[in-house]
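What the coordinates show
Single-letter residue listing:
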Amino acid sequence: MNDRPLREEGIVLDPLKPVFNKQDGECHSKSPDQFILNWFDHFHKWDFITAEATEGKPKWITIKKFPLSPETLYGRWQSSSELVGVRFKSGCEGTTSYALVDIDIGSQYHPRQDPSAIAAITRALETIGIYQHVKVRSSFSGGLHLYFPLADNFNCYKLAVALQQTLERLGLQIQPGQLEIFPNVKAPRSNYQAHRLPLQLGSFVLDSDFQPVYNSLPRFIQTWNTVAEQQDLTRLTEVVAEATQTRLSCSKDLEEWERRLEASLAKGFTKKGQTNQLIKEVCIYLRVFKELKWDEVAIEAYGVITSLPGYQEYCGHRQEIKKRIQDWVKTNQESNRYYPASNRLKVVQKRPKAPSNEVRSENAIERIKQAIAYLTESGTLPSGVKARQVEICKIARCSASTLRKYNELWHPDFQIKGCVTTDLARLSTILATSEEQVSPANHVVPTCLAPLLGCVTTGGSTVSTDTATVSKNEKIAGIQVNQTVTHPPLLSVGGVCGSEETILSNNRTDQLILDHTHKRSVKFPIGSIVKKQGEQELLRITAINLDGTYWAKWLNATVPRVSILLRENEIELIDNTSISQS
C-alpha cells in the first residue's frame, strides 16, 4: 500500500500523524455531542483493552475491574497518549450491531500480496446480506480493518459462526496474522477477542484504492450509519438463525481433535504469521493428549516448536519464542481451560444428562400409582379430595401441582371406576342408571371362564354365585364415591370375552369385577404369572381395570409388598396355565 500524503479540502492528511481537522473544528479536547456518544454506545463496556500510544506494536492489557461509559470511552479514545479497544458481550444476551474483518500487513490476503483478496471477501459476505463496508487502516503498521455496520442487533456467537462458515467456504484461512473476524467463534466460558477502535493514532478511512482520505470522527459516523442502512437484514437474519457450530473439544470428539492437532503440527510453519497459532496448538497437544503438567508444558513446548518444519524460515519471533510460550501457559493455567483427556472423560461421566421430561413424567406416574395401591390396600385412602391429595403427595414424593396433572389416576371426579359398595341390594339401582342395563342375578358369564370366576352353570348360562363388591367410581344413584375397601386394590374392570357377555365376579379377590360399558379382550387373564419387562421378579395378575391396566401382586416376596399397577405393554407373560388351578 502506498502511504502517500493526500490533500483533501485544503488540508494535508499525513497518514503517519494524528490530524487536527480545522474544518470540522474537531479537537481531541472538545466535549462530544450526543451524536458521537450514541456511536460509542454501540460497544461493550466491560473487559476493554488499553495500551500506551506508540508507533510500534502496542502492549495491550485488559481492564476487568470497571466498565466504560460512552463518555469515558470517548475520553480514552481521544487521548493522544493512549490507545483503547473493546470486546463483544459474551453469553446468550451478547449482541452486536457491527462486524469486523482484520487483515494484517503481512497477510496473504492484504492488497500488497493479493490485490483481489478483499474483493473476494466482500463478494462472499454479499451472499449472506452484507453488501457494504468501511475500509480503515488500523494503525501505523498498515493493517486493514473492514467494518460492517448493521442497522439491527445480532447474537454475537451466531453472527461469528455465520461469518466464519461463509469465509471458510471460499477457502480462506481464519487465523491470527492472516485473517481474523470480530466477533470470533470463541470457546465456552471465554471472552471474545478485543480489537482497537478506529481513527486513533495512525488510523484513517481508506478509499477504494486503499488510500487514506480522512480521519474525522463525525464524518466516519455518518458513513457508518449510511452503510448500515444498505445491508440486507432479512437475508442476514435467516443465515444467523441457522448458524450452528460443531465443537471438537468435547469428549466424544477427542480422537478427531487429536488428529487435527497432529496434522497441523506435521505441516509446521508454511508462511509468516503462524507463530501464535502453532504455540497454542503445541501447548494444547502437550497438555490435553500428552497429559503434561503446566510447568512441563512450558519446557517441552519450546523443543517441539523449534523443531517444527519451516520454523527457521517463517517464524519471526525466534528471539522471544520462550517468552511467548511462557505467556500462553501462564494465561491458560490461570483459566484452567485445558486439562488432560482422561480427566475430560471423568468430568463427562460425573455430569450425566438429566432425565427427559417424558422419563420424569413416567416416573411420577409410577410413584403415584404405587401410592394409590398402598393406600387402597391398607384401607387408608381418604375419601376427601384434599386429604387424599396430601397423603398421595407424601408417599409419592411429588408436589400437588404434579399430582394434579394426573387427576384421572386419583381424583374422585376423574376416576371412571366410580363408587365402591358392598350392598348387593343396591346393585340393581346402580346398573339401572348406566347406559347398558345389566341384571346381576342373571348376567351371562362366558362358560370358558366359569372355573376361574367361581360361577355355576345353569343350562346354557353361567351365573355368578359370589357376594360381590361393585366398583364404579362415579356418583350413581346417590351412592357415595370412594368408600374404603380393605382387600386388594380398587377394582374397576374385568376382562371380557364375547360381545354381549360381562364377567361379574371373582371368588379369589372378594370383589366383583364389573364392566357394563366396555367390551375388551383380555391379553393377560386374572391369575396369569407374569413379570415386568426388563425385570426378573414374578407377579400374579389379580385384577383388571376398565382402562386396560392390570393390578399384580409380587410372588415369593420375602417381605410384604404392595400390589403394582402395570400397563399392558409393560407386562411379559410367563405362565397362564395356573389359572384353572387357582
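Residues numbered from 1 in each chain as written. Predicted model: local features only at pLDDT ≥ 70, side-chain atom pairs only at ≥ 80, totals over all residues. Heavy atoms only, no water.

**Looking at the overall build of the protein chain**
Of regular secondary structure, the protein chain possesses 18 helices and 21 strands. Sequence separation of at least 24 residues holds for 66% of the intrachain contacts in the protein chain that already meet a minimum separation of 6. A total of about 29300 Å² of accessible surface is found on the protein chain, and carbon and sulfur atoms cover 49% of it. (Helix = DSSP H or I, 4+ residues; strand = E, 2+ residues; numbered from the N terminus. Contact = heavy atoms within 4.5 Å. Areas by Shrake-Rupley, 256 points an atom, 1.4 Å probe, with all protein chains shown as cover.)

**Concerning the side chain of Thr-122**
Following the sequence through the fold, Thr-122 ends up in helix H3 (residues 117–126). Discounting chain neighbours no more than four positions away, the residues touching Thr-122 are Ile-130 and His-133.

**Brief notes about the pairing of strand E7 (residues 134–137)**
Neither face of E7 is exposed, since Val-134 and Val-136 on one face and Lys-135 and Arg-137 on the opposite face are all buried. Direction of pairing for E7 relative to strand E8 (residues 144–155): antiparallel, over a ladder of four bridges. The residue bridging Lys-135 from the neighbouring strand is Leu-146, located in E8. Between the antiparallel neighbours E7 and E8 lie six residues, among them Gly-142 with a positive phi of about 95°. Bridge count for E7 against strand E11 (residues 204–206) is two bridges, and the pairing is antiparallel. Considered in E11, the bridge of Arg-137 is made with Phe-204. (Buried < 20%, exposed > 50% of the residue type's maximum accessible area, 1.4 Å probe, protein only. Pairing = 2+ DSSP bridges.)

**With respect to the packing of aromatic side chains**
Counting across every chain of the model gives 22 aromatic pairs. Plain terms: the ring middles of Phe-88 and Tyr-98 are 5.2 Å apart, the flat faces sit at 35° to each other, and that makes the pair tilted. Residue Phe-88 is located in the loop between strand E5 (82–86) and strand E6 (95–103), and its partner Tyr-98 is located in strand E6; the two are separated by ten residues in the primary sequence. By the burial criterion, Phe-88 is buried, and Tyr-98 matches it. Where Phe-88 meets Tyr-192, the ring centres are 6.3 Å apart and the plane angle is 75°; that geometry is what we call edge-to-face. Taken as a pair, Phe-88 in the loop between E5 and E6 and Tyr-192 in the loop between strand E9 (180–182) and strand E10 (195–196) lie far apart in primary sequence, 104 residues in all. An aromatic cluster of at least three residues, connected via ring pairs, comprises Trp-39, Phe-40, Phe-43, Tyr-74, Trp-77, Phe-88, Tyr-98, Tyr-147, Tyr-192, Phe-220 and Trp-224. (Phe/Tyr/Trp six-rings, centres within 6.5 Å; stacked < 30°, edge-to-face > 60°.)

**Digging into the environment of Val-101**
Looking at the secondary structure, you find Val-101 in strand E6. According to the relative accessible area criterion, Val-101 is buried, its value standing at 2%. Residues in contact with Val-101, not counting those within four places in the same chain, are Leu-144, His-145, Leu-146, Phe-148, Leu-179, Glu-180 and Ile-181.

**Structural notes on the sheet that holds strand E12 (residues 212–214)**
By definition, the strands of a sheet pair up through backbone hydrogen bonds, in either a parallel or an antiparallel sense. Spatial ordering of the open sheet is given by E9-E6-E8-E7-E11-E12, a layout of six strands whose pairing is antiparallel. Pairing within the sheet leaves two strands with one partner each, and these edge strands are E9 and E12. Neighbour-to-neighbour, the strand axes of the sheet open up by a mean angle of 40°, direction not taken into account. Pairing analysis gives two bridges linking E11 to E12, with the strands arranged antiparallel. Bridging across to E12, Leu-206 finds its partner in Pro-212. (Axes fitted to C-alpha atoms, helices over the stretch in contact; angles between N-to-C directions.)

**Concerning the pattern of salt bridges**
What the rule picks out here adds up to ten salt bridges. Across the salt bridge formed by Arg-235 and Glu-238, the nearest N and O atoms sit 3.8 Å from each other. With Arg-235 and Glu-238 both in helix H6 (residues 233–242), this residue pair falls three residues apart, about one helical turn. A relative accessible area of 35% means that Arg-235 is categorised as partly exposed. Glu-238 sits in the partly exposed class, given a relative accessible area of 44%. The salt bridge involving Glu-570 is made with Arg-567; its shortest N-O contact spans 3.2 Å. By relative accessible area, which is 14% here, Glu-570 ends up buried. (Salt bridge = Lys/Arg side-chain N within 4 Å of Asp/Glu carboxyl O.)

**Description of the sheet that holds E5**
The four strands lie next to each other as E4-E3-E5-E10, forming an open sheet whose pairing is antiparallel. Sheet topology places strand E4 (61–63) and E10 at the edges, where each strand pairs with a single neighbour. Here four bridges tie strand E3 (residues 48–52) to E5, and the two strands are oriented antiparallel to one another. In the strand pairing of E5, Ala-51 is matched with Leu-83.

**Section: the packing of helix H13 (residues 357–377) against helix H14 (residues 385–396)**
Viewed as axis vectors pointing N to C, H13 and H14 meet at an angle of 120°, and their least axial separation amounts to 8 Å. For the element pair H13 / H14, the angle class is oblique. For H13 against H14, the interelement crossing comes out right-handed. Contact residues: H13 offers Arg-367, Ile-368, Ala-371, Ile-372, Tyr-374 and Leu-375, while H14 offers Glu-391, Ile-392, Ile-395 and Ala-396. Each residue belonging to the contact of H13 with H14 can be placed in one class, and the counts come to eight nonpolar, no polar and two charged. (Parallel < 35°, antiparallel > 145°, perpendicular 65-115°, else oblique. Left-handed = near helix turned anticlockwise from the far one by under 90°. Nonpolar A, V, L, I, M, F, W, Y, C, P; charged D, E, K, R; others polar.)

**A few points about the confidence of the model for the protein chain**
Model confidence for the protein chain is summarised by a mean pLDDT of 75, while 70% of its residues fall at 70 or above. Residue range residues 246–251 is modelled with pLDDT below 50. Its contacts to residues more than four positions away, or to other chains, number 14 contacts. Contacts for the low-pLDDT stretch residues 577–582, under 50 throughout, to residues beyond four places or in other chains number ten contacts. (pLDDT = per-residue confidence, 0-100.)

**Topic: the pairing of E3**
On any regular strand, side chains alternate: one points to one face of the sheet, the next to the other face. E3 sits mainly inside the fold: four of its five residues count as buried. In this sheet, E4 lies alongside E3 in antiparallel orientation, the contact comprising three bridges. Following the sheet pairing, Phe-48 is matched in E4 by Ile-63.

**Examining the nonpolar core**
Within the largest apolar cluster, 62 residues are counted, with the highest numbers of intra-cluster contacts made by Phe-40, Leu-217 and Phe-220. With seven residues, helix H4 (residues 156–169) is the single largest residue contributor to this core. Membership of the second largest hydrophobic core comes to 28 residues, among which are Phe-269, Leu-286, Phe-289 and Val-329. (Core = buried A, V, L, I, M, F, W, Y, C linked by side-chain atoms within 4.5 Å.)

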